[in-house]
Amino acid sequence: MSAIPGRWRPAAATLGAALLFLSACAKSEDGDTAAGGTSTAGAQVVASASPGGATCTIDQYGGTKVDLKTAKVGFSQSEKEANPFRIAETQSIKDEAAKLGITNLTTTNANSQFNKQISDVEQMLDSGVQLLIVAPLNSDGWDSVFAKASAKKVPIVTIDRKINAAACKDYLTFIGSDFAEQGKRAADEMAKALGNKGTVAILLGAPGNNVTTLRTSGFKDEIAKVAPDVKIVFEQTGQFSREEGQKVTEQLLQSNSDINGIYAENDEMALGAVVALKGAGKKAGDVKVVSIDGTKGAVQGIVDGWINAVIESNPRFGPLAFQTATTFFGGQPVPADIVIQDRQYDASNAKTDLASAY
């Protein structure tokens with residue numbers, strides 16, 4: 001899978017050099033083998049990196065070169081691993097660490113408690129970790145962590161949610177999706193499913209992070225642009241949870257029984273919505289459902305006719321996160337932002353590509 005045309009135009013030779021390592025992660029979307037011959041079904045592929053050419057080196061960030069095989073590495077997970085995204089994300093980190101021969105990996109799980117995540121990360125810093133990979137629960141509130149990491153010169157690689165702070169100062173780099181673009185793509189699919197007219201409800205993700213904010217604004221902006229006759233009549237958080245998604249949809253159907261479409265900002269909420277639709281006596285296809293993630297359950301929902309489209313958000317961060325760290329510790333520049341390319345599932349490919357889901 002190549003970079004998206006027009007999305008990646010390195011502004012300087014240094015950025016081009018910084019991105020050479022990314023080619024090792026590239027693969028055909030239909031294949032299972034990376035350039036090096038390793039099986040990489042569903043591997044992340046870079047779409048763009050550091051618009052404007054921003055990069056970071058170990059000299060800029062501070063610290064010393066370390067060998068990851070002997071380094072003490074910490075990974076902080078934000079949410080309990082009941083969500084398939086979190087299961088796949090944590091497993092990807094563990095699998096890649098094992099593949100690279102990293103024997104000193106500490107993992108923690110905040111179980112959706114932000115104070116616990118801050119405590120977890122600070123304790124790992126106190127224990128002497130030399131690299132931190134963090135899946136942030138919230139985008140703000142990390143000042144105490146940055147102060148401690150800066151004092152110890154420990155690089156922080158953030159994945160899947162962005163922290164509102166300065167790259168190459170507070171943290172090293174961010175690796176993740178273009179969340180506004182995901183929302184736009186979901187809006188395009190919803191407009192298509194509804195024939196550009198009707199009423200839509202939004203099951204919002206958890207508040208306090210940029211994923212929810214951007215998936216919402218991207219969807220709203222695009223719907224207003226491409227389908228002004230599609231009206232958003234309901235918005236409520238489902239906390240990225242299947243149970244909450246079901247509850248919120250049940251409430252929705254009590255007041256808006258004739259709703260035409262539901263945009264769920266992750267697959268777990270979409271699957272909860274499907275349970276509520278079935279419970280309300282709706283038939284597959286009566287209410288158009290579009291979501292974001294790419295879990296096997298949601299892609300199967302397309303095959304079964306209950307979900308119209310799923311925009312992927314790839315959780316397999318292990319290879320790219322550790323390759324970024326290796327490049328950084330090797331003295332080479334890494335992009336301040338690394339945006340991955342996400343695929344899409346609909347009725348045309350859901351059955352054949354189900355194995356690529358997680």
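Residues numbered from 1 in each chain as written. Predicted model: local features only at pLDDT ≥ 70, side-chain atom pairs only at ≥ 80, totals over all residues. Heavy atoms only, no water.

1. Remarks on the packing of helix H4 (residues 114-126) against helix H5 (residues 143-152)
With their axes 10 Å apart at the nearest point, H4 and H5 run at an angle of 10° to one another. As summarised for this structure, H4 and H5 are arranged roughly parallel, according to the angle between their axes. Relative to H5, the crossing made by H4 is left-handed. Together, Ile-118, Val-121, Glu-122, Leu-125 and Asp-126 of H4 and Ser-144, Val-145, Lys-148, Ala-149 and Lys-152 of H5 make up the contact between the two elements. Each residue belonging to the contact of H4 with H5 can be placed in one class, and the counts come to 5 nonpolar, 1 polar and 4 charged. (Axes fitted to C-alpha atoms, helices over the stretch in contact; angles between N-to-C directions. Helix = DSSP H or I, 4+ residues; strand = E, 2+ residues; numbered from the N terminus. Parallel < 35°, antiparallel > 145°, perpendicular 65-115°, else oblique. Left-handed = near helix turned anticlockwise from the far one by under 90°. Contact = heavy atoms within 4.5 Å. Nonpolar A, V, L, I, M, F, W, Y, C, P; charged D, E, K, R; others polar.)

2. Details of unusual backbone geometry
Of note in this structure, Gln-239 is not a glycine but carries a positive phi near 60°. Tracing the chain through its elements places Gln-239 in the loop between strand S9 (230-237) and helix H8 (242-255). Within the chain, Asp-293 stands out as a residue other than glycine whose phi angle is a positive 160°. Structurally, Asp-293 is set in strand S11 (residues 288-293).

3. Describing the pairing of strand S5 (residues 131-134)
Alternating positions in S5 separate into two faces, Leu-131 and Ile-133 on one and Leu-132 and Val-134 on the other, with burial throughout. As paired strands, strand S3 (residues 73-77) and S5 are joined by 4 bridges and run parallel to one another. Its bridge partner being in S5, Phe-75 is matched across the sheet by Ile-133. One ladder, built from 3 bridges, connects S5 with strand S6 (residues 156-159); its direction is parallel. Directly across from Ile-133, in S6, lies its bridge partner Val-157. Handedness of the crossover is the feature at issue here: the chain leaves S5, passes through H5, returns alongside S6, and the resulting connection is right-handed. (Buried < 20%, exposed > 50% of the residue type's maximum accessible area, 1.4 Å probe, protein only. Pairing = 2+ DSSP bridges. Right-handed = clockwise from strand over helix to strand, strands pointing away.)

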